[in-house]
Amino acid sequence: MSEPLVARMRNFGTTIFAEMSALATRTGAINLGQGFPDADGPPAMLEAAVESIRSGGNQYPPGPGLPELREAVAAERAERYGLAYDPATEVYVTVGATEAIATTILALAEAGDEVIVFEPFYDSYAATIALAGAVRRPVTLRPDGGRFTFDPDELRAAVGPRTRLILVNSPHNPAGTVFTREELETIAAVCREHDLVAVTDEVYEYLTFDATEHIPLASLEGMRERTVAISSAGKTFSVTGWKTGWVTAPAPYVRAVQTVKQFMTYTSSAPYQRAVAYALGNELPWVEELRKSLEAKRDRLISGLETAGFTTFRPQGTYFVQADIRPLGFTDGFELARALPEKAGVVAIPSQVFYDDAEAGRPFVRFAFCKREDVIDQAVERLARLR
């Protein structure tokens, strides 16, 4: 029997997250690989979901999402960033940010169109671009001054006659970079010059550290009308399993996304949507405490990793620390990640799986710090064995 999977997806097997989480379960290792918190979100938000279920809010919500959630997203975008969106036509609810990214790319990229991505990139980006029959054009983020950034000339060189979209993730997973205003202005200038549409993955927008400011690309001159902005509740409120995300964009782009999504999942959980609407209006002080907690946990993990012999890059946002393995005498992150559960009883993610240029990512592994302090302490104690 011939291979049943379509050719464009044959390079995509089980995700690295499933592989490494299964390895953690099999070996009993501490899982600092997959980025999910080990504590739930604000209790009042959880209770709002329960109350919605008990009060009969369990049938299909409107395809674009519950009006109260779209209104809450629009209100928060306006208050936080000064960006005005019509909740009726310019806000659209999705099954998490991953679906929002997938439906946006499927809606806007024709077969053969090119999509610029900054590598390392979240693994769903590559799969979605392949599903669309489009071509990814990576621009590599490289270490510079303790953080990862891009060369503006490499970004400009990546643009060709078939370039249609540029996918921008800031705060960036897995590099931890929060793009500066100068970096974003460079991206915006390329978009304006070449008439590109920007798709922005901003799921970690509230989780930045050291007083680093998250600046939405849509807030820059001439960018609101060419930006599809994506965020979600999962990381903001520590409910990754709720899979409640949204798109904010000019109405023609929202209609395009809706045209695709309505034939996929159509809509998503009404009780969670109602609870997230409540949280956006009432639980942002809880999110600020979460941010402070994560900043302290980041510092705790970095200290332990450096004591164990890694070189680390101090993330400006997200859940993750990139660590250079070469000071410990290792050269291949994939080999180390697969051996680490046996060597030290800890699971990490090899960063090279997020690159087209595997050599650029080979010396790095990614550790998650969205865990309890005692879990982090136990993990770094185990990692000290590597010395």
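A brief report on the enclosed structure follows. All of these numbers come straight from a predicted model, not from anything done at the bench.

**Focus on the overall build of the protein chain**
- The helix and strand tally for the protein chain stands at 13 helices and 15 strands.
- The C-alpha radius of gyration of the protein chain comes to 20 Å, within 12% of the 21 Å expected for a compact globule of 387 residues.
- With respect to the three principal axes, the spread of C-alpha positions in the protein chain is 55 × 55 × 55 Å.
- By the burial criterion, 58% of the 387 residues in the protein chain qualify as buried.
- Within the protein chain, counting contacts between residues at least 6 apart in sequence, those at least 24 apart form 75% of the total.
- About 15700 Å² of surface is accessible on the protein chain, with carbon and sulfur atoms providing 49% of the total.
- One finds the centroid of the 39 positive side-chain charges in the protein chain at a distance of 4 Å from the centroid of its 51 negative side-chain charges.

**Section: the nonpolar core**
- Grouped together as the largest cluster of nonpolar side chains are 86 residues, with contacts concentrated most on Leu280, Leu301, Phe310, Phe367 and Leu383.
- No other element matches the 7 residues that helix α10 (residues 284-308) contributes to this core.
- Leaving out residues up to four positions away in the same chain, Leu301 has contacts with Leu32, Val321, Phe367, Ala368, Phe369, Ile376 and Val380.
- Within the second largest apolar cluster, 27 residues are counted, among which are Val139, Phe179, Met223 and Phe364.

**Quick look at the environment of Pro327**
- One can find Pro327 in the loop between β12 (320-324) and α11 (333-344).
- Distance from Pro327 to Ala132, taken between C-alpha atoms, is 41 Å for residues 195 residues apart in sequence.
- Those residues within four positions of Pro327 in sequence are excluded, and the remaining contacts are Gly309 and Thr311.

**A closer look at the pairing of strand β10 (residues 245-248)**
- The alternating pattern of β10 places Gly245 and Val247 and Trp246 and Thr248 on opposite faces, both of which are buried.
- One ladder, built from 4 bridges, connects strand β2 (residues 91-94) with β10; its direction is antiparallel. The residue of β10 that forms the bridge with Val93 is Trp246.

**Quick notes on the sheet that holds strand β9 (residues 227-232)**
- Taken in spatial order, the 7 strands line up as β2-β10-β9-β8-β7-β3-β4 in an open sheet, and their pairing is mixed. Every interior strand has two partners, whereas the edge strands, β2 and β4 (135-140), have only one. Recorded for the sheet is a direction-independent mean angle of 20° between the axes of neighbouring strands.
- Here strand β3 (residues 114-119) pairs with strand β7 (residues 163-169) via 4 bridges, running parallel. Looking across to β7, one finds that Val117 is bridged to Leu167.
- Sheet strands in contact with helix α4 (residues 96-108) are β2, β7, β8 (197-201), β9 and β10, and its direction is about 160° off that of β9.
- Sitting on the sheet, helix α5 (residues 123-131) is in contact with β3, β4, β7 and β8, with an inclination near 150° to β4.

**Concerning the packing of α4 against helix α8 (residues 251-261)**
- One way to put it is that α4 packs onto α8 with a least axis distance of 8 Å and a crossing angle of 105°. Comparing the axis directions of α4 and α8 gives the class roughly perpendicular. When α4 is examined against α8, the residues Glu99, Thr103, Thr104, Leu106, Ala107 and Leu108 are found in contact with a partner set consisting of Tyr253, Ala256, Val257, Val260 and Lys261.
- Grouping the constituent residues of the contact of α4 with α8 by class yields 7 nonpolar, 2 polar and 2 charged.

**What about the side chain of Gln273?**
- Structurally, Gln273 is set in helix α9 (residues 270-282).
- Exposure remark for Gln273: the relative accessible area of 1% places this residue in the buried category.
- For Gln273, the side chain forms a polar contact with the main-chain nitrogen of Leu66, separated by 2.7 Å.
- Discounting residues that sit within four places of it in the chain, Gln273 has contacts with Pro61, Gly65, Leu66, Leu69, Val93, Thr244, Thr267 and Ser268.

**Digging into unusual backbone geometry**
- The step from Glu119 to Pro120 runs through a cis peptide bond, and the omega angle for that step is 5°.
- Along the polypeptide, Pro120 turns up in the loop between β3 and α5.
- Geometrically, the link from Ser170 to Pro171 is a cis peptide bond, its omega value of -5° lying close to zero.
- Position of Pro171 among the secondary structure elements: in the loop between β7 and α7 (181-194).
- If you check the backbone angles, Thr318 has positive phi at about 80° while not being a glycine.
- Within the secondary structure, Thr318 is located in the loop between β11 (311-313) and β12.

Criteria and cut-off values
Each residue is numbered by its place in its chain's sequence as written, counting from 1. Where totals are concerned, whole chains, interfaces and linings use all residues; where local detail is concerned, this predicted model gives features only for residues with pLDDT of at least 70, and gives and counts side-chain atom pairs only at 80 or more. The basis for the side-chain values is all heavy atoms of the structure; hydrogens and waters are excluded. The secondary structure listing takes helices from DSSP runs of H or I that are at least 4 residues long and strands from runs of E that are at least 2 residues long, numbered from the N terminus. In this treatment the radius of gyration is a C-alpha quantity, and the globule benchmark scales as 2.2 Å times the residue count to the 0.38 power. Think of it in three bands: residues with accessible area under 20% of the maximum for their type are buried, residues over 50% are exposed, and the middle band is partly exposed, with areas taken using a 1.4 Å probe on protein chains only. We call two residues contacting when some pair of their heavy atoms lies within 4.5 Å. To be clear on the numbers: accessible area is Shrake-Rupley with a 1.4 Å probe, and residue cover counts the displayed protein chains and nothing else. In this charge count, Lys and Arg are treated as positive and Asp and Glu as negative; neither His nor the chain ends contribute. Just so you know, the charge point we use is NZ for Lys, CZ for Arg, CG for Asp and CD for Glu. Among buried residues, the Ala, Val, Leu, Ile, Met, Phe, Trp, Tyr and Cys ones that are joined through side-chain atoms within 4.5 Å form a nonpolar core. A pair of strands is treated as paired once DSSP finds two or more bridges between them. Axes, fitted as lines to C-alpha atoms, cover a helix only where it is in contact. Angles between the N-to-C directions of the axes lie from 0 to 180 degrees. An angle below 35 degrees is treated as roughly parallel, one above 145 as roughly antiparallel, one from 65 to 115 as roughly perpendicular, and anything else as oblique. Gly is put with the polar residues, along with every residue not named as nonpolar or charged; the nonpolar set is Ala, Val, Leu, Ile, Met, Phe, Trp, Tyr, Cys and Pro, and the charged set is Asp, Glu, Lys and Arg. Polar contacts, as used here, are pairs of N or O atoms within 3.5 Å; protein pairs need one atom able to donate a hydrogen and one able to accept it. Residues neighboring in sequence count only if both atoms are side-chain atoms.

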